[in-house]
Amino acid sequence: MENVIIIGTGCAGYTAAIYTARAQLNPLMLTGTQPGGQLSTTTEVENFPGHPEGIMGPDLMMKMQAQAEKFGARMAWSNVDSIQRRDDGSFAVIAGEETFEAKTVIIATGAAPRHLGLPDEKSLIGHGLTSCATCDGAFYRNVPVCVIGGGDSACEEAVFLTRFASKVYLVHRRDTLRASKIMAERTLANPKIVPVWNSTVSAYLTDEKGEMRAVTLTNLLDGATSEVAVSCVFVAIGHVPNSGFLDGLVDKDENGYILQQPGRTATKTPGLFAAGDVADHFYRQAITAAGQGCAAALEAERYLSEHA
Ligand code: NAP
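The model shown is predicted, which means the values in this text are computed figures rather than measured ones.

Novice: Got a minute to help me understand the overall build of the chain in this structure?
Specialist: Looking only at helices and strands, the chain features seven helices and 19 strands. The C-alpha atoms of the chain give a radius of gyration of 21 Å, which matches the 19 Å a tight globule of 308 residues would have. In terms of overall dimensions, the chain has a C-alpha envelope of 65 × 40 × 35 Å along the principal axes. Sequence-distant contacts, at least 24 apart, represent 57% of the contacts inside the chain between residues at least 6 apart. Only carbon and sulfur atoms are counted for the fraction: they give 50% of the accessible area of the chain, which is about 15100 Å². Separation between the mean location of the 25 positive side-chain charges and that of the 34 negative ones in the chain comes to 4 Å.

Written out as structure tokens, the structure reads:
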């Protein structure tokens, strides 16, 4: 029986691990399918305090992992399917054939990239459709590519892709970017980035090998369509919280974000805590996720001492 299982290894999960490990609770972390979380798929992080020169997202996550392991946190490569609460108040955490047992659980599963919902979308992932410029950008040198979205992620991806691509179409459904001012200005000042306003990608067009060759753009103001040749589409239209495996144990808002008790990381189930992007649709920053990871660890520690 573990004292605490932390599900997810992003900023929230690693911070919870550092705190619970230093509190001698010997935490077990379950990695999920994206070890390191969202920052492991980004480039430079300029706003995480303590790194005035910026730090690459994957480097930051490796440092957090090392810090958690230094204090004794353990990691298991598991993807959780469901959690059950037993009559004695403990939890069974089920991941495939394995069942882990714990007195407390911290959910830090973050959020996954949203897609447009076009019919052939899933089959195109890896064939010219992706949500990770850091992972796939270098494959598309000297060819035109497209980024969909108008937030910080879309801008960051578009700017990063200009290192490789000949041209980056930034397709946004409105005529103003949602991104922070500094990112928006940097993006629009880049000569390789071509904004396509008030538009959406309405179809992906493939070649005879099934690889992306173009997109159909639809202007949302007049309905006009056009075909634009691109070798890859980077979708950056936000995220969906990874909370689907928790049905019944937590309350969620209409978008699936876990509802915490006001000012706390506690959920409606005693001993079950939620931290980071899986419960935060408002701030969604690395540092706020880390802060919630700390809070969840402190709450789990207090819960364990009260229920010893
Ligand atoms: P976001 O801020 O929610 O932006 C999503 C963008 O996608 C919006 O422009 C939205 O359009 C568009 N969109 C949503 N659904 C769409 C659909 N079905 N079809 C077409 N477009 C759609 O998401 P994000 O950019 O991933 O950022 C998430 C959070 O992380 C934000 O708080 C952001 O500040 C933060 N972040 C920070 C940094 C950084 O500071 N370095 C980097 C990346 C992300 P509308 O604008 O019309 O809603």
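Novice: Which parts of the structure should I look at to understand the site of the ligand?
Specialist: If you check the shell around the ligand, you find 19 residues, and the closest are N47, D152, S153, R174 and R178. At 3.0 Å, a side-chain N or O of R173 approaches an oxygen atom of the ligand. At a separation of 2.6 Å, an oxygen atom of the ligand approaches a polar side-chain atom of R178. No other element matches the three residues that helix α5 (residues 152-161) contributes to the shell around the ligand. Grouping the constituent residues of the shell around the ligand by class yields four nonpolar, nine polar and six charged. Three or more residues apiece are contributed to the shell around the ligand by two domains, here domain 1 (2-112 + 239-306) and domain 2 (115-235).

Novice: Honestly, the environment of G36 in this entry has me stumped. Any pointers?
Specialist: Looking at the element boundaries, G36 is found in the loop between β2 (28-30) and β3 (44-45). As a C-alpha pair, G36 and R284 span 248 residues in sequence and 16 Å in three-dimensional space.

Novice: Explanation requested: the pairing of strand β1 (residues 2-7) in the structure shown.
Specialist: Along any regular strand the residues' side chains alternate between the sheet's two faces. Summarising burial for β1: five of the six residues are buried, a large majority. Sheet topology note: the β1/strand β8 (residues 98-107) ladder contains five bridges and is parallel. What sits directly across from I6, in β8, is I106. As defined by bridge partners, β1 adjoins β2 across three bridges and the pair is classed as parallel. Among the inter-strand pairings, I5 is bridged to a residue of β2, identified as L28. Regarding the hand of the β-α-β motif, the stretch spanning β1, helix α1 (residues 11-22) and β2 is right-handed.

Novice: Which parts of the structure should I look at to understand the nonpolar core?
Specialist: Taken as a class, soluble globular proteins show a tendency for nonpolar side chains to be buried jointly. C11 and I106 are the most contacted members of the largest nonpolar core, which has 34 residues in total. Sorting the residues of this core by element identifies β1, α1, α2 (57-70) and α7 (286-306) as the ones contributing at least two each. In terms of residue count, the dominant contributor to this core is α7 (eight residues). Sequence-distant contacts of C11, defined by excluding residues within four places in its chain, comprise L39, M61, M64, A286, A289 and A290. Residues A76, F91, F245 and L249 belong to the second largest nonpolar core, which totals 23 residues.

Novice: Just to check I follow, could you spell out the sheet that holds strand β10 (residues 129-130) for this structure?
Specialist: Read from one edge of the open sheet, five strands run β10-β17-β11-β12-β13, paired in parallel fashion. What marks the edges here is a single partner per strand, and that holds for β10 and β13 (193-196). Sheet strands in contact with α5 are β11 (144-148), β12 (167-171), β13 and β17 (232-235), and its direction is about 170° off that of β11.

Novice: Which parts of the structure should I look at to understand the side chain of T9?
Specialist: With respect to the helices, strands and loops of the structure, T9 is situated in the loop between β1 and α1. Within polar-contact distance, the side chain of T9 engages the backbone oxygen of T31 at 3.3 Å. When near neighbours in sequence (up to four residues on either side) are disregarded, T9 contacts Y14, M29, L30, T31, Q34, P35, G36, G37, M61, M75 and A108.

Novice: Can you walk me through the side chain of H172 in this structure?
Specialist: Locating H172 in the fold gives a position in the loop between β12 and α6 (181-188). H172 sits in the buried class, given a relative accessible area of 6%. Once residues within four sequence positions are removed from consideration, H172 is found in contact with G149, G150, L177, V196, W197, N198 and S199.

Thresholds, definitions, all that
- Within each chain, residue numbers correspond to sequence positions counted from 1 in written order.
- For this predicted model, a pLDDT threshold of at least 70 governs which residues receive local features, and a threshold of 80 or more governs which side-chain atom pairs are given and counted, while totals over whole chains, interfaces and linings are taken from all residues.
- Each side-chain value is worked out from all heavy atoms of the structure, with water and hydrogens disregarded.
- Per the convention used, a helix needs a DSSP run of H or I reaching at least four residues, while a strand needs a run of E reaching at least two, with both numbered from the N terminus.
- For the radius of gyration, the atoms used are the C-alpha atoms, and the globule rule reads 2.2 Å times the number of residues raised to 0.38.
- Contacts between residues were defined by any pair of non-hydrogen atoms, one from each residue, lying within 4.5 Å.
- Each accessible area value is a Shrake-Rupley result obtained with a 1.4 Å probe; residue values ignore everything except the protein chains displayed when judging cover.
- Charge convention: Lys and Arg are scored as positive, Asp and Glu as negative, and His as well as the terminal groups of each chain are ignored.
- Positions of charges follow a simple convention, taking NZ of Lys, CZ of Arg, CG of Asp or CD of Glu.
- Neighbouring residues are identified by heavy atoms, a residue being near a molecule or strand if any of them is within 4 Å of it.
- Two N or O atoms form a polar contact when they lie within 3.5 Å of each other; inside protein one atom must be a possible hydrogen donor and the other a possible acceptor, and for residues adjacent in sequence the pair counts only when both atoms belong to side chains.
- Each residue gets one of three labels, nonpolar for Ala, Val, Leu, Ile, Met, Phe, Trp, Tyr, Cys and Pro, charged for Asp, Glu, Lys and Arg, and polar for the others, Gly among them.
- Domain start and end points were adopted from an automatic or database domain assignment.
- Only protein chains enter the accessibility calculation, which uses a 1.4 Å probe; a residue whose area is less than 20% of its type maximum is buried, one above 50% is exposed, and one in between is partly exposed.
- By this definition, two strands are paired if DSSP reports at least two bridges between them.
- Crossover handedness is defined here as right-handed if the route from the first strand over the helix to the second strand goes clockwise, with the strands pointing away from the viewer.
- We define a nonpolar core as any set of buried Ala, Val, Leu, Ile, Met, Phe, Trp, Tyr and Cys residues linked to one another through side-chain atoms lying within 4.5 Å.
- For helices, the fitted line uses only the C-alpha atoms of the stretch in contact; every axis is such a line through C-alpha atoms, and the angle between N-to-C directions lies from 0 to 180 degrees.

Limitation: the analysis is restricted to geometry and does not speak to function.
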